[in-house]
Amino acid sequence: MSALVRPREGRVIGGVCAALANRFGTSATTMRIIFLVSCLLPGPQFVLYIVLWIVLPDENRTAAPAH
């Protein structure tokens, strides 16, 4: 499992589904479909997405500078 960061490439909106897909070893498309299907169920899916968008670090910010 990799670190939970929003990748630079493969984003559609905020990179949350791509980050979760990288973390759990699935494709980003599969994670997006799971998210869309979960929106049919009652719950705070959109709020959770926005919170993760804010909380998850961007891959650019977590990369150590090369010296």
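Up top is the structure these notes are about.
Residues numbered from 1 in each chain as written. Predicted model: local features only at pLDDT ≥ 70, side-chain atom pairs only at ≥ 80, totals over all residues. Heavy atoms only, no water.

A. Examining the overall build of the chain more closely. Along the chain, the regular secondary structure elements total four helices and zero strands. Moving toward the C terminus, one meets the helices and strands of the chain in the order α-α-α-α. Relative to its full complement of 67 residues, the chain shows a buried share of 27%. Accessible surface for the chain amounts to roughly 4,900 Å². Of this, 68% is attributable to carbon and sulfur atoms. (Helix = DSSP H or I, 4+ residues; strand = E, 2+ residues; numbered from the N terminus. Buried < 20%, exposed > 50% of the residue type's maximum accessible area, 1.4 Å probe, protein only. Areas by Shrake-Rupley, 256 points an atom, 1.4 Å probe, with all protein chains shown as cover.)

B. Region of the structure containing the packing of aromatic side chains. In the structure shown here, the tally under the stated rule is three aromatic pairs. Between the aromatic rings of Phe35 and Phe46, the centroid separation amounts to 5.9 Å while the plane-to-plane angle is 85 degrees, which identifies the pairing as edge-to-face. With a gap of 11 residues between them, Phe35 in helix α2 (residues 28–38) and Phe46 in helix α3 (residues 45–55) connect regions that are remote in the sequence. Classification of Phe46 as exposed rests on a relative accessible area of 55%. The interplanar angle of 45 degrees and the centroid separation of 5.4 Å between the aromatic rings of Phe35 and Tyr49 together place this pair among those described as tilted. Within this pair, whereas Phe35 is found in helix α2, its partner Tyr49 is found in helix α3, the two being separated by 14 residues in sequence. The burial state of Phe35 is the same as that of Tyr49; both residues are buried. Members of the aromatic cluster, connected to one another through ring pairs, are Phe35, Phe46, Tyr49 and Trp53. (Phe/Tyr/Trp six-rings, centres within 6.5 Å; stacked < 30°, edge-to-face > 60°.)

C. Quick look at the pattern of salt bridges. Overall, the coordinates contain two salt bridges when judged by the stated rule. Ionic pairing is found between Asp58 and Arg11, a salt bridge with its closest N-O pair at 2.1 Å. In this pair, Asp58 sits in the loop between α3 and α4 (59–62) while Arg11 sits in the segment before α1 (16–24), placing the two residues 47 residues apart along the sequence. (Salt bridge = Lys/Arg side-chain N within 4 Å of Asp/Glu carboxyl O.)

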